[in-house]
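What the coordinates show
What follows is each chain in one-letter form.
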Amino acid sequence: MFDDMYREQILDHAKNPRHHGLLQPADIDFEGNNPLCGDRLHLTLRVDEQNRVQEVGWEGEGCAISQASMSMLSEEIVGKTLDELRHIAKEDIFDLLGISLSMNRIKCALLSLKVLKVGAYGLAEWNRTQDEDE
Ligand code: ZN
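Residues numbered from 1 in each chain as written. Predicted model: local features only at pLDDT ≥ 70, side-chain atom pairs only at ≥ 80, totals over all residues. Heavy atoms only, no water.

1. Overview of the pairing of strand 2 (residues 39-47)
Basically, it comes down to this: Exposure categories follow from relative accessible area, calculated using a 1.4 Å probe and restricted to protein chains: below 20% of the type maximum is buried, above 50% is exposed, and the middle band is partly exposed. Runs of E in the DSSP output that reach at least two residues are strands. Runs of H or I that reach at least four are helices, and both are numbered from the N terminus. Should DSSP find at least two bridges between two strands, the strands are taken to pair.
In terms of burial, strand 2 is a largely internal element, 7 of the 9 residues being buried. Between strand 1 (residues 28-34) and strand 2, which follow one another and run antiparallel, lie 4 residues, and Gly38 among them has a positive phi close to 85°. Where strand 2 lies against strand 3 (residues 53-61), 8 bridges are found, and the strand directions are antiparallel. Bridge pairing links Val47 to Val53 in strand 3. With antiparallel pairing between neighbouring strands as the criterion, strand 2 and strand 3 make up a hairpin whose turn holds 5 residues, including Asn51 at a positive phi of roughly 60°.

This is how it looks when you write it as structure tokens:
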């Protein structure tokens, strides 16, 4: 029951992605991919003087999970400071998607968070995020 509801939400985000389209110029501009599935996400952000996210824009291609995850995350991050974004955890992405994911799908789901964290803070920060619950 719950799974169905979430599944519909995921398909809706995948079909009608929010904040779609790249920002130019952008303060943060990063592209990443998930070779396992062929997912690709390009994320751009504009921040104000307080390092608060003013605008988000992204483009990508790949499976519904990867694209929906980026679309849902893009709605979450507008208005947050870069420091607040640092605290977004893998579990927050799983909560947004709301369905249980196989190992392969987890990579799809987390590509959005990876692009955000590596783009904003670098690879070291992302590795810390990954290690947290392993
Ligand atoms: Zn995928």
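2. A word on unusual backbone geometry
Cis geometry is adopted by the peptide bond preceding Pro25, which originates at Gln24 and carries an omega value of 0°. Of note in this structure, His19 is not a glycine but carries a positive phi near 55°. You can see His19 is positioned in the loop between helix 1 (2-15) and strand 1. Looking at His19, the relative accessible area reads 34%, which means it is partly exposed. Phi is positive for Asn51, close to 60°, though the residue is something other than glycine. Assignment of secondary structure puts Asn51 in the loop between strand 2 and strand 3.

3. A few points about the environment of Ala120
The residue Ala120 is located in helix 5 (residues 103-121) in this model. Ala120 sits in the partly exposed class, given a relative accessible area of 23%. Along the chain, Ala120 and Asp83 lie 37 residues apart, while their C-alpha atoms are 9.7 Å from each other.

4. With respect to the coordination of the zinc ion
So the rule is basically this: Each metal's donors comprise the N, O and S atoms found within 2.8 Å of it (within 3.2 Å for Na, K or Ca). Water is not part of the atom list, so some coordination spheres may appear incomplete.
The zinc ion binds to the protein through Cys37 (SG), Asp39 (OD), Asp39 (OD), Cys63 (SG) and Cys108 (SG), with metal-donor distances spanning 2.1 to 2.7 Å. Residue classification places Cys37 among the partly exposed positions, given a relative accessible area of 35%.

5. Concerning the pairing of strand 1
Sheet analysis places strand 1 next to strand 2, joined by 7 bridges and oriented antiparallel. Each bridged residue has a counterpart across the sheet, and for Asn34 the counterpart in strand 2 is Asp39.

6. Focus: the nonpolar core
Let me state the cut-off plainly: Only buried Ala, Val, Leu, Ile, Met, Phe, Trp, Tyr and Cys residues count toward a nonpolar core, and they belong to the same one when joined by side-chain atoms within 4.5 Å. Any two residues having at least one pair of non-hydrogen atoms within 4.5 Å are treated as being in contact.
Counting residues in each nonpolar core, the largest one holds 33 residues, and the members touching the most others are Leu43, Leu45, Ile65, Ile77, Leu85, Leu97 and Leu116. Of all the elements, helix 5 adds the most residues to this core, at 9 residues. Setting aside its immediate chain neighbours within four residues, Leu85 contacts Val53, Ile77, Lys80, Leu116, Lys117 and Tyr121.

7. Focus on the pattern of salt bridges
The cut-off we apply is this: Criterion for a salt bridge: a side-chain nitrogen of Lys or Arg within 4 Å of a carboxyl oxygen of Asp or Glu.
Tallied over the entire structure, the rule returns 8 salt bridges. Between Arg40 and Glu31 there is a salt bridge, with the nearest N and O atoms lying 2.6 Å from each other. On the basis of relative accessible area, Arg40 is assigned to the partly exposed category, the value being 26%. Exposure remark for Glu31: the relative accessible area of 39% places this residue in the partly exposed category.

8. A short note on helix 5
Applicable threshold: Residue count minus one, scaled by 1.5 Å, sets the expected span of a helix. Throughout, the bend at a residue refers to the angle made by two axes, fitted to the seven residues ending there and to the seven starting there.
An ideal rise of 1.5 Å per residue puts 27 Å on 19 residues; helix 5 measures up with 25 Å between its terminal C-alpha atoms. In helix 5, a bend of some 40° at Leu110 exceeds every other bend along the element. Buried within helix 5 are the following residues: Cys108, Ala109, Leu110, Leu111, Ser112, Leu113, Val115, Leu116, Lys117, Val118 and Tyr121. Residues of helix 5 that are buried sit in contact with strand 1, strand 2, helix 2 (64-77), helix 3 (82-86), helix 4 (90-97) and helix 6 (123-131). Of the residues one or two after helix 5, Gly122 is the one with positive phi, at around 100°.

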